[in-house]
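# Tertiary structure, described
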Amino acid sequence: EIGMSYTLGLHELSNGCHAYLQPDGGWGWSNAGLIVGDGASLLVDTLFDLKITQKMLDTMANATQKAPISTVVNTHANGDHCYGNQLLSGKEIIASAATAHEMSEVPPAMLAALNSAPGDVGDLFRHFFGEFDFEGIEPTLPTKTFTGKHSVTVGGRVVELVEVGPAHTAGDTLVFVPDARTVYTGDILFIGGTPIVWAGPLDNWIAACDLICSSDVEHIVPGHGPLTDKAGVTAIRDYLAYVQDEATERFNGGMDAWDAARDIALNGFAEWGEFGRLAVNVDTVYRTLSGAHKSPDVVEQFRRMYAMEQKSQ
């Protein structure tokens with residue numbers, strides 16, 4: 001289904017496994033998944049606000065009518081994968097322990113405040129997130145956590161959760177459905193867009209790509225962008241390895257992280273959306289290499305990404 005059209009809505013991959021896709025896959029426009037078992041379903045991730053999460057749940061109604069959602073898995077703590085959780089309160093919500101901890105660090109109220117801030121800060125955040133409504137979202141945390149690996153059975157189907165973070169965030173989880181040769185990767189994969197390494201180290205993310213490629217999977221659902229195959233996974237791995245090498249070389253040469261980000265030639269990777277995320281990725285390499293490296297605050301990180309993308313136009 002690599003050729004499956006990249007359109008908004010629910011797409012059946014195989015054997016009761018569905019992907020919910022939200023083009024264009026840029027900031028906040030994440031994907032989710034639905035695994036339908038016998039009399040019960042598992043939802044992989046909620047969306048960035050209540051309105052779009054409700055729209056997704058309405059779209060899934062036909063599939064979940066005879067198999068209501070009983071379990072939710074949040075692949076990681078970014079809001080575009082968990083802010084809609086409150087619409088499923090009362091269900092079992094599972095995440096890695098690191099993800100559950102991180103969820104409380106960027107509450108919806110913080111993004112609501114940044115989106116409505118006066119002056120340059122508000123303008124900056126509305127550039128990235130202005131299409132979403134963060135007002136009145138109640139943070140709804142996992143009811144069950146795990147570390148390493150966890151197996152869950154929903155409607156007779158086995159779903160394997162594998163923690164591969166810290167990578168994109170503190171606790172990224174891959175969701176495998178062995179009987180359908182399907183994996184939901186969360187933000188370990190951005191297809192057509194640039195991955196952003198908030199946590200790192202990049203080595204962990206590279207290892208997560210290798211794990212997907214060595215697994216018996218045919219259907220690969222990324223956290224952002226269209227459905228992909230193992231070649232798509234390898235492209236993400238190649239990007240991360242390239243950034244790691246280029247940033248390490250400049251770190252060793254004593255170059256400042258922000259100067260390094262502006263100095264690295266992205267070559268073919270510049271065609272991916274959100275290429276300004278390189279600024280955060282280089283900073284993460286520097287932080288991994290040196291405990292003394294101080295990363296800028298989140299507002300400055302977004303300023304840098306914005307500046308990189310404006311400069312090239």
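Residues numbered from 1 in each chain as written. Predicted model: local features only at pLDDT ≥ 70, side-chain atom pairs only at ≥ 80, totals over all residues. Heavy atoms only, no water.

### As for the sheet that holds strand S4 (residues 41–44)
- Taken in spatial order, the 7 strands of this open sheet run S1-S2-S3-S4-S5-S6-S7, and their pairing is mixed. The open sheet is flanked by strand S1 (9–14) and strand S7 (144–146), the only strands paired with a single partner. Between one strand axis and the next, the sheet turns through 25 degrees on average, direction left out of account.
- With 5 bridges connecting them, S1 and strand S2 (residues 17–21) associate as antiparallel partners. The partner of Ser14 across the bridge, within S2, is Cys17.
- Of the strands in this sheet, S1, S2, strand S3 (32–36), S4 and strand S5 (69–73) are in contact with helix H1 (residues 50–59), which crosses S2 at around 145 degrees. (Pairing = 2+ DSSP bridges. Helix = DSSP H or I, 4+ residues; strand = E, 2+ residues; numbered from the N terminus. Axes fitted to C-alpha atoms, helices over the stretch in contact; angles between N-to-C directions. Contact = heavy atoms within 4.5 Å.)

### Some remarks on the state of the cysteines
- All chains considered together, the criterion is met by 0 disulfides.
- Residue Cys209 stays outside any disulfide, its sulfur separated by 6.9 Å from that of Cys213, the closest cysteine. (Disulfide = S-S within 2.5 Å.)

### Considerations on the packing of helix H4 (residues 108–115) against helix H5 (residues 119–129)
- Axis separation between H4 and H5 bottoms out at 7 Å; the angle between their running directions is 115 degrees. Within the contact between the two elements, H4 uses Leu111, Leu114 and Asn115 and H5 uses Val121, Gly122, Phe125, Arg126 and Phe129.
- Of the residues assigned to the contact of H4 with H5, the class counts are 5 nonpolar, 2 polar and 1 charged. (Nonpolar A, V, L, I, M, F, W, Y, C, P; charged D, E, K, R; others polar.)

### Remarks on empty space enclosed by the protein
- Enumeration over the complete set of coordinates arrives at 2 cavities of 30 Å³ or more.
- In this model, the largest cavity occupies a volume close to 70 Å³.
- The wall of the largest cavity is formed by Cys82, Tyr83, Met103, Val106, Pro107, Pro108, Ile137, Glu138, Pro139, Thr140 and Leu141.
- Among the residues forming the lining of the largest cavity, the class breakdown is 9 nonpolar, 1 polar and 1 charged.
- If you add up the space inside the second largest cavity, you get close to 50 Å³.
- Every residue lining the second largest cavity is listed: Asn31, Ala32, Val44, Asp45, His81, Tyr184, Thr185, Gly186, Val221, Pro222 and Gly223.
- For the lining of the second largest cavity, the residue count by class is 5 nonpolar, 5 polar and 1 charged. (1 Å grid on protein atoms, 1.4 Å probe; cavity = no way out; pocket = protein on both sides within 12 Å on 5 of 7 lines; lining within 4 Å. Points joined across faces, edges and corners; volume = space filled by probe spheres on them.)

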